[in-house]
Structures are given as C-alpha cells and as structure tokens.
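Here are the chains, one letter per residue:
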Amino acid sequence: VKGKKGQQHVGIIGFGGLGMMAVKIAKAMGAKVTVFSRSMAKEEQAKKLGASFVCHGDSELMASMERSIDTILDTISTGHEVAHMIGTLKVGGTYCFLGGVPEPVKISAFQLLLSRYTVTGSLVF
C-alpha cells in the first residue's frame with residue numbers, strides 16, 4: 001500500500017484466510033478497504049473487520065466502483081476473470097496477485113496502456 005496513510009483505497013479480491021489477513025493489514029495501515037466477493041455470504045464478516053463489501057456480480061454496484069481503488073490485492077488461487085476488476089483501479093493503480101493462479105490471466109493491453117496500471121505479484125508463504 002503506497003501513498004499517504006489514510007488516503008489509500010485498497011480492494012481485496014477473495015475473502016478466505018489470506019483475504020482476511022490482507023484486510024487486517026490494510027486497515028492497520030490506515031487504508032479504506034473494500035472486499036470484492038462473488039457472493040454476499042461473507043458480507044457481515046468483512047464489515048466486522050471494518051471493510052466495505054461489494055458483490056462483483058452486481059453490475060450496477062461494480063459500475064459505481066469504477067476508478068475508485070488505488071491498489072487491488074487478488075488473493076484467489078484459482079482461474080478467474082480479472083478484466084472487470086481492473087476497471088475499478090484509479091489511473092496509475094496497482095493490481096497485485098497474491099494467489100498463485102496456474103492458468104494465464106487475460107488482461108487487455110489497452111487497459112494497461114491507457115490507464116498506466118501496474119500488474120505485479122508476490123509469493124506469500
């Protein structure tokens with residue numbers, strides 16, 4: 001999480017053990033945190049940790065999140081679509097893979113070029 005404390009908006013994709021830990025760390029660093037999940041099942045749990053919650057299957061809600069996130073931490077370790085999640089990043093935002101996805105990830109070069117996104121990864125043990 002880069003930038004001034006309290007001014008970063010971090011998106012966490014996936015809310016299993018790693019996602020929960022990511023929320024706790026981002027909150028401790030003073031970031032505003034939004035958890036993205038495919039279902040509403042963990043909404044209450046995310047809110048207890050101080051995060052807002054978005055079901056990424058809700059197209060209206062996802063449209064309202066466009067260009068609102070500084071950093072996304074993607075904790076999902078199975079194949080999944082990321083193109084629609086990248087649209088929530090602000091210009092110059094960072095998308096970081098923490099979950100080891102075994103398949104190639106499809107991302108539009110135009111999304112990266114026109115919005116100066118950084119895509120990175122980190123191995124978590």
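You'll find the structure just up there.
Residues numbered from 1 in each chain as written. Predicted model: local features only at pLDDT ≥ 70, side-chain atom pairs only at ≥ 80, totals over all residues. Heavy atoms only, no water.

Details of the pairing of strand E2 (residues 32–37)
Burial of E2 is extensive: five of the six residues sit out of reach of the surface. In this structure, strand E1 (residues 9–13) lies alongside E2, joined through five bridges in parallel fashion. For His 9, the partnering residue across the bridge sits in E2 and is Lys 32. Regarding topology, helix H1 (residues 17–28) serves as the crossover connection from E1 to the parallel E2, and that connection is right-handed. Relative to strand E3 (residues 52–55), E2 is paired through four bridges, and the arrangement is parallel. Paired with Thr 34 across the bridge in E3 is Ser 52. Taking the sense of rotation as the criterion, the β-α-β connection linking E2, helix H2 (residues 43–48) and E3 turns out right-handed. (Buried < 20%, exposed > 50% of the residue type's maximum accessible area, 1.4 Å probe, protein only. Helix = DSSP H or I, 4+ residues; strand = E, 2+ residues; numbered from the N terminus. Pairing = 2+ DSSP bridges. Right-handed = clockwise from strand over helix to strand, strands pointing away.)

Some words on the sheet that holds strand E6 (residues 118–121)
Within the open sheet, the six strands sit side by side as E3-E2-E1-E4-E5-E6. Their pairing is parallel. Edge positions in the sheet fall to E3 and E6, since each of these pairs with one other strand and no more. For this sheet, the mean inter-axis angle between neighbouring strands, taken without regard to orientation, is 20°. (Axes fitted to C-alpha atoms, helices over the stretch in contact; angles between N-to-C directions.)

Digging into the side chain of Thr 75
Mapping Thr 75 onto the fold places it in the loop between strand E4 (69–74) and helix H4 (83–86). Here the side chain of Thr 75 touches Ile 13 through a polar contact of 2.8 Å, landing on its backbone oxygen. Among the polar contacts listed, one links the side chain of Thr 75 to the backbone oxygen of Gly 14, at a separation of 3.2 Å. (Polar contact = N/O pair within 3.5 Å; in protein donor to acceptor, adjacent residues only side chain to side chain.)

A few points about the nonpolar core
Core analysis: the largest hydrophobic core is formed by 15 residues, its most contacted members being Ile 12, Val 23, Val 33, Val 35 and Leu 73. Those elements that place two or more of their residues in this core are E1, H1 and E2. Setting aside chain neighbours within four positions, we find Val 33 in contact with His 9, Val 10, Ile 12, Val 23, Ala 26, Lys 27, Ala 51 and Ser 52. Listed in part, the 14 residues of the second largest apolar core include Ile 13, Phe 36, Met 62 and Leu 89. (Core = buried A, V, L, I, M, F, W, Y, C linked by side-chain atoms within 4.5 Å. Contact = heavy atoms within 4.5 Å.)

Remarks on unusual backbone geometry
Even without being a glycine, Arg 67 presents a positive backbone phi close to 55°. Turning to its location among the elements, Arg 67 is positioned in the loop between helix H3 (59–64) and E4. Taking relative accessible area as the criterion, Arg 67 reaches 40% and is therefore assigned partly exposed. Of note in the backbone geometry, Arg 116 takes a positive phi value of approximately 55° without being a glycine. Among the structural elements, Arg 116 can be located in the loop between helix H5 (109–115) and E6.

Let's talk about the environment of Ile 76
Checked against the element boundaries, Ile 76 lands in the loop between E4 and H4. Expressed as a C-alpha distance, the spacing of Ile 76 and Phe 97, which sit 21 residues apart in the sequence, is 8.1 Å. Sequence-distant contacts of Ile 76, that is, excluding residues within four places in its chain, are made with Ile 13, Gly 14, Gly 99 and Val 101.

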